[in-house]
Amino acid sequence: MIKKQELSTQEAVTEAKRYLSNAKDILREKGAKEDGFYQDSKYVKMAGHTAYSGVLFALDHYFGKKTKGRKDVDWYKANLSQQDKKMLQTFVSVYELLHLVMAYDGVGDAEVVKLGFQRAEIIIDWVGLRSAA
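Here the structure is a predicted model, which means the values were calculated and not measured. (Residues numbered from 1 in each chain as written. Predicted model: local features only at pLDDT ≥ 70, side-chain atom pairs only at ≥ 80, totals over all residues. Heavy atoms only, no water.)

1. Some details on the environment of Gly 128
Our working rule: Strands here mean DSSP runs of E at least two residues long; helices mean DSSP runs of H or I at least four residues long; both are numbered from the N terminus. We call two residues in contact when some of their heavy atoms are within 4.5 Å.
Following the sequence through the fold, Gly 128 ends up in helix 5 (residues 110–132). Each C-alpha atom, one on Gly 128 and one on Tyr 62, is 8.7 Å from the other, the two residues being 66 residues apart in sequence. With near-sequence residues (within four places) excluded, Gly 128 lies in contact with Thr 9 and Val 13.

Structure below.
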């Protein structure tokens, strides 16, 4: 099994995008979209968690290992605040939309889902651009 840190930046970004693609597939295949809402909260939760995991995968590759304890949302916020304040705001939005609203609450408003996925892509692309520079 290859560890996150052993991947090239391009491989890590590709893997993070695969997570996002899987999240979209989950909703497309199982979410039962009707009148702008996904009807099955189980799959909304699964998709939210999968997409958020993809964002964390990309950020983990970019920021590396934490020295003590587990990573938490505050660790990601602290690292992003040192790098790019705009990306910090995008991450906070992703955390709220994908992790809290979708993955925990199971809210399936298609517009919320779409916005969460768009912002997740922004962060993943940012990792690719920053690492390449």
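After that view, the rundown keeps rolling.
2. A word on the nonpolar core
Note the following rule: In this description, a nonpolar core means a group of buried Ala, Val, Leu, Ile, Met, Phe, Trp, Tyr and Cys residues linked to one another through side-chain atoms lying within 4.5 Å. Burial classes: relative accessible area under 20% of the type maximum marks a residue as buried, over 50% as exposed, and values in between as partly exposed (1.4 Å probe, protein chains only).
In terms of nonpolar packing, the biggest core is built from 39 residues, with Leu 59, Phe 91 and Phe 117 touching the most fellow members. Mapped by element, the contributors of at least two residues to this core are helix 1 (9–30), helix 2 (41–63), helix 3 (73–83), helix 4 (85–104) and helix 5. In terms of residue count, helix 2 provides more of this core than any other element does, 11 residues in total.

3. Notes on the side chain of Thr 50
Looking at the element boundaries, Thr 50 is found in helix 2. A residue is classified by how much of its surface remains accessible, and Thr 50, at 16% relative accessible area, is buried. Aside from chain neighbours lying at most four places away, what touches Thr 50 is Tyr 19, Asn 22, Ala 23 and Ile 26.

4. So, helix 5
Convention followed: Under the convention used throughout, the expected extent of a helix is 1.5 Å for every residue step, that is, one less than its residue count.
Between its terminal C-alpha atoms helix 5 stretches 33 Å, which fits the 33 Å expected from 23 residues at 1.5 Å a residue. Among the residues of helix 5, Ala 110, Val 113, Gly 116, Phe 117, Ala 120, Ile 123, Ile 124, Trp 126 and Val 127 are the ones counted as buried. The inward-facing, buried residues of helix 5 contact helix 1, strand 1 (33–34), strand 2 (37–38), helix 2, helix 3 and helix 4.

5. What about helix 2?
Rules: Whenever two N or O atoms come within 3.5 Å, that pair is a polar contact, provided that in protein one can donate a hydrogen and the other can accept it, and provided that, for residues adjacent in sequence, both atoms are side-chain atoms.
Taking 1.5 Å of rise per residue, 23 residues should cover 33 Å, and helix 2 covers 32 Å from first to last C-alpha, within 8% of that figure. Structurally, the start of helix 2 carries an N-cap: the backbone nitrogen of Lys 42 is 3.1 Å from a side-chain oxygen of Asp 40. One or two steps after helix 2, the chain reaches Gly 64, where phi turns positive at roughly 85 degrees.

6. Details of the pattern of salt bridges
The criterion, for reference: Between Lys or Arg on one side and Asp or Glu on the other, a salt bridge is scored when a side-chain nitrogen of the former is within 4 Å of a carboxyl oxygen of the latter.
Tallying each qualifying case throughout the model produces 6 salt bridges. Glu 15 serves as the salt-bridge partner of Arg 18, at 2.7 Å between the closest nitrogen and oxygen. Within this pair, Arg 18 and its partner Glu 15 are both found in helix 1, separated by 3 residues, close to a single helical turn. Here Arg 18 falls in the partly exposed class, since its relative accessible area comes to 44%. Linking Arg 28 and Asp 25 is a salt bridge whose minimum nitrogen-to-oxygen distance equals 2.1 Å. With Arg 28 and Asp 25 both in helix 1, this residue pair falls 3 residues apart, about one helical turn.

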